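An overview of the molecular structure
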Amino acid sequence: MKKVLILGGGVGGTIVANVLARRASPNETNITLVDATGRHVYQPGFIYVALGDEKPENLVRDERGLLDKHVNLVIDEAILIDPDEKKVRLKSGRILDYDYLVVATGARLCPEELPGFEAAHHFYDLDASVRLSRVLDSFSGGRIVIGIGGMPYKCPPAPVEFACLLDYYFTRRGSRHKVEIHYLSPLPRVFPIESVAHLVQEIMDSGGIKYTQLFNVERIEPENNLVHSLEGESLKYDLLIVVPPHRGTKVVENSGLGDRGGWIPTDKYTLKAKGYDDIYVVGDATDIPISKAGATAHYEAKVVGENIAADIRGSGTKRLYDGKVQCFFDAGFKKGMRIAFDYEHPPKPARLSRRWYYMKMLIKKIYWSVILKGWI
Amino acid sequence: MTQDIKIDRVIDARGSFCPGPLMELIKAIKEAKVGEVISVYSSDSGSKRDIPIWVEKAGHELLGVFDRDSYTEFVVRKKR
Ligand SMILES: Cc1cc2nc3c(=O)[nH]c(=O)nc-3n(C[C@H](O)[C@H](O)[C@H](O)COP(=O)(O)OP(=O)(O)OC[C@H]3O[C@@H](n4cnc5c(N)ncnc54)[C@H](O)[C@@H]3O)c2cc1C
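For the structure given in this document, a descriptive report is provided here. In this numbering scheme, every chain counts its residues from 1 along its sequence in written order. In the order they appear in the text, chains get letters beginning with A and ligands get numbers beginning with 1. pLDDT decides what is reported in this predicted model: residues at 70 or higher carry local features, side-chain atom pairs at 80 or more are listed and counted, and totals for whole chains, interfaces and linings draw on all residues regardless. Values reported for side chains reflect all heavy atoms of the structure, with hydrogen atoms and water molecules removed beforehand.

Re the pattern of salt bridges
Our working definition: We define a salt bridge as a contact between a side-chain nitrogen of Lys or Arg and a carboxyl oxygen of Asp or Glu at a distance within 4 Å. Labels follow the DSSP assignment, with helices taken as runs of H or I lasting at least four residues and strands as runs of E lasting at least two, numbered in each case from the N terminus. Throughout, exposure labels follow a simple rule: accessible area from a 1.4 Å probe, protein chains only, divided by the maximum for the residue type, with under 20% read as buried, over 50% as exposed, and the rest as partly exposed.
One pass over the full model with this rule turns up 28 salt bridges over all chains. Residues Arg-172 of chain A and Asp-53 of chain A are paired through a salt bridge, measuring 3.3 Å at the closest nitrogen-oxygen approach. On the criterion of sequence distance, the pair formed by Arg-172 of chain A in helix α4 (residues 158-173) and Asp-53 of chain A in the loop between α2 (46-50) and β4 (60-62) is long-range, its members being 119 residues apart. For Arg-172 of chain A, a relative accessible area of 44% translates into the label partly exposed. According to the relative accessible area criterion, Asp-53 of chain A is partly exposed, its value standing at 42%. Here Asp-12 of chain B and Arg-14 of chain B are joined by a salt bridge, their closest N and O atoms 2.9 Å apart. Assessed through its relative accessible area of 27%, Arg-14 of chain B is described here as partly exposed. In this structure, a network of salt bridges that share partners links the residues Arg-108, Glu-113, Arg-247 and Glu-253 of chain A.

This is the structure:
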């Protein structure tokens, strides 16, 4: 009997568990997933909660109901990984051993790393998104500034997407003329991908969304409503929305498995932690220089689930992760873009269409029953 | 060539189109100590424009840009 231990029941961990449960025989595989909360949260929905278009309770489900019945769920926090002894210590004191470990603990928000962050709002967790929805609801006019407080951060297009959706939000309310929307791009263009940036810039220009390029938020000065960049510029705000700095999780850092940012050095093809043959890493926890996105975690998890199953069965060919990522960008006014690429193929220039907006809305629906099960 | 420059950290950002090599460099520079030298490998055509612009604006030093077989190497020193 081989023991597979999965840490984290987010996008990556849940898909690995379900794919593995289907592919490996329960007589030869014991699958245990440890999750700190036991509640699964659909993070792409945070944006819609902040904009008042989604109820927070629609984004949260019990993890147990999302897992194959052959997967044991332990609701507890992993606090230390001992790769030499092949054991993981949990907060309750329980110790679990493994033959294969999958680390899928995601990213941790560290607002304390940005001086003055307490003056900012964000939509990177559920509670903050609910708070932001109230602030936006009562916002009577002025300059809303949206910036990024550190690299890397989840879903690189999300902040500029939010700027576009604010344009739609205030237009719908009839108060767009009272609101200035100002996006601070960390790069010398408005969107991370060059072949998509000109289209996003057109959308912003036509919606009257302002932007400053090469502005990486370094410090906030709440007394004077100023945000400062590490490139030496400043801007005044009435309402400030900043993506908080991210790090890898504490269990990774405390176990000495992370780099300076707490991300696990990971082989970008095999998804094994570098230097370990029995530890796999999926999703935001890796140091692979591609988007920290659910779509990334999804495709990585399928490779890892299938490969561990093949290993245990002793048959079947192993796959390498090819860097596939596919995202849908909601540009507002019920239009969207599809962006897809892998390690070898840069994204093609995007097109704006209703189809991709509806695709994004469809994914929200099939997430629970199709994507998390690993069917696609 | 880079053999006489001591490189403290190599960021292999080949195959990264989003967030892209410049974001990886910004992250590495934030984590580095002043004086450290970072080398970034990029296969993204936008980097040749992006990286020099950001390095100059952020007040760091671009020590070199080297065309390799299928990628470009950028060598940057953190100055402040
Ligand atoms: C505002 C926003 C918008 C986004 N939009 C998109 C989008 O449109 N498309 C897209 O593809 N992605 C999007 N994402 C990104 C996506 O949500 C994440 O990249 C994805 O959830 C990462 O999956 P993961 O499995 O690595 O981590 P997560 O899904 O974050 O899961 C990590 C899990 O590990 C658990 N955990 C953490 N530490 C421990 C521990 N020590 N012990 C036990 N359990 C632990 C947590 O409780 C959590 O359940 C968005 C994210 C945000 C915040």
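Don't stop here, the text continues.
Quick look at the packing of helix α1 (residues 21-31) of chain B against helix α2 (residues 47-57) of chain B
Residue and element names in this part refer to chain B. Where we set the bar: Every axis corresponds to a line fitted to the C-alpha atoms, with the helix fit spanning only the stretch in contact, and the corresponding angles, defined between N-to-C directions, vary from 0 to 180 degrees. Angles below 35 degrees are treated as roughly parallel, those above 145 as roughly antiparallel, those between 65 and 115 as roughly perpendicular, and all remaining angles as oblique. Take the far helix as your reference; a near helix turned counterclockwise from it by less than a right angle gives a left-handed crossing, and one turned clockwise gives a right-handed crossing. In what follows, residue pairs with any heavy atoms lying within 4.5 Å of each other are defined as contacts. Under the scheme applied here, ten amino acids are nonpolar (Ala, Val, Leu, Ile, Met, Phe, Trp, Tyr, Cys and Pro), four are charged (Asp, Glu, Lys and Arg), and all others, including Gly, are polar.
Where α1 contacts α2, the two axes come as close as 9 Å, and the packing angle between them is 30°. Taken together, α1 and α2 sit at an angle that is classed as roughly parallel. Two packed elements cross with a definite hand, and for α1 against α2 that hand is right-handed. Residues Pro-21, Leu-22, Leu-25, Ile-26 and Ile-29 of α1 form the contact with α2, whose participating residues are Ser-47, Asp-50, Ile-51, Trp-54 and Val-55. Of the residues belonging to the contact of α1 with α2, the class tally is 8 nonpolar, 1 polar and 1 charged.

As for the side chain of Asp-35 of chain A
Applied cut-off: Contacts described as polar in this section are N or O atom pairs within 3.5 Å, which, within protein, must combine one atom able to donate a hydrogen with one able to accept it, while residues neighboring in sequence count only if both atoms come from side chains.
Here Asp-35 of chain A shows up in strand β2 (residues 29-35). Within the local environment of Asp-35 of chain A, its side chain forms a polar contact with the backbone nitrogen of Gly-9 of chain A, the two atoms lying 2.8 Å apart.

Section: the pairing of strand β3 (residues 61-67) of chain B
Residue and element names in this part refer to chain B. Test applied: The pairing criterion for strands is at least two bridges between them, as found by DSSP.
Note that β3 and strand β4 (residues 72-77) share 6 bridges and pair antiparallel. If you follow Leu-62 over to β4, its bridge partner there is Val-76. Adjacent in sequence and paired antiparallel, β3 and β4 are bridged by 4 residues.

With respect to the pairing of strand β1 (residues 9-12) of chain B
Residues and elements named next belong to chain B. Condition: Classification remark: right-handed applies to a crossover when, strands pointing away from the viewer, the course from the first strand over the helix to the second runs clockwise.
Residues Arg-9 and Ile-11 line the buried face of β1, whereas the alternating positions Val-10 and Asp-12 sit on a face that is not buried. Of the strand pairs in this sheet, β1 and strand β2 (residues 37-42) are connected by 4 bridges, and their pairing is parallel. Residue Arg-9 lies in a different strand from β2, and its bridge partner there is Ile-38. Since β1 and β2 lie parallel, the crossover through α1 that links them has a hand, and here it is right-handed.

Remarks on the interface of chain A and chain B
Applied cut-off: Accessible area, probed at 1.4 Å, shrinks when two parts are joined; the buried area is that loss added up over both.
The interface of chain A with chain B comprises 33 residues on the first partner and 27 residues on the second. Between chain A and chain B, the buried area comes to about 2,700 Å², and carbon and sulfur atoms account for 58% of it. Taken together, the links from chain A to chain B amount to 4 salt bridges. For the salt bridge of Lys-57 of chain B with Glu-233 of chain A, the shortest nitrogen-to-oxygen distance reads 2.3 Å. The interface formed by chain A and chain B includes 9 residue pairs in polar contact (both at pLDDT 80 or more). Looking at the side of chain A that touches chain B residue by residue, the classes come out as 19 nonpolar, 6 polar and 8 charged.

With respect to the packing of aromatic side chains
Residue and element names in this part refer to chain A. Going by this rule: For Phe, Tyr and Trp, rings pair up if their centres lie within 6.5 Å, where Trp contributes its six-membered ring, and each pair is then called stacked (planes under 30 degrees apart), edge-to-face (over 60) or tilted (otherwise).
One pass over the full model with this rule turns up 15 aromatic pairs over all chains. Seen from their ring centres, Tyr-42 and Tyr-367 are 4.5 Å apart, and the 50° between their planes marks the pair as tilted. One end of the pair, Tyr-42, is in the loop between β3 (39-41) and α2; the other, Tyr-367, is in helix α8 (residues 354-371), and 325 residues separate them in sequence. There is no split in this pair, since Tyr-42 and Tyr-367 are both buried. With a centroid separation of 4.9 Å and an interplanar angle of 85°, the aromatic rings of Tyr-169 and Phe-170 are classed as edge-to-face. An identical accessibility class is assigned to Tyr-169 and Phe-170; each is buried. By way of ring pairs, the aromatic residues Tyr-42, Tyr-367 and Trp-368 are connected into one cluster.

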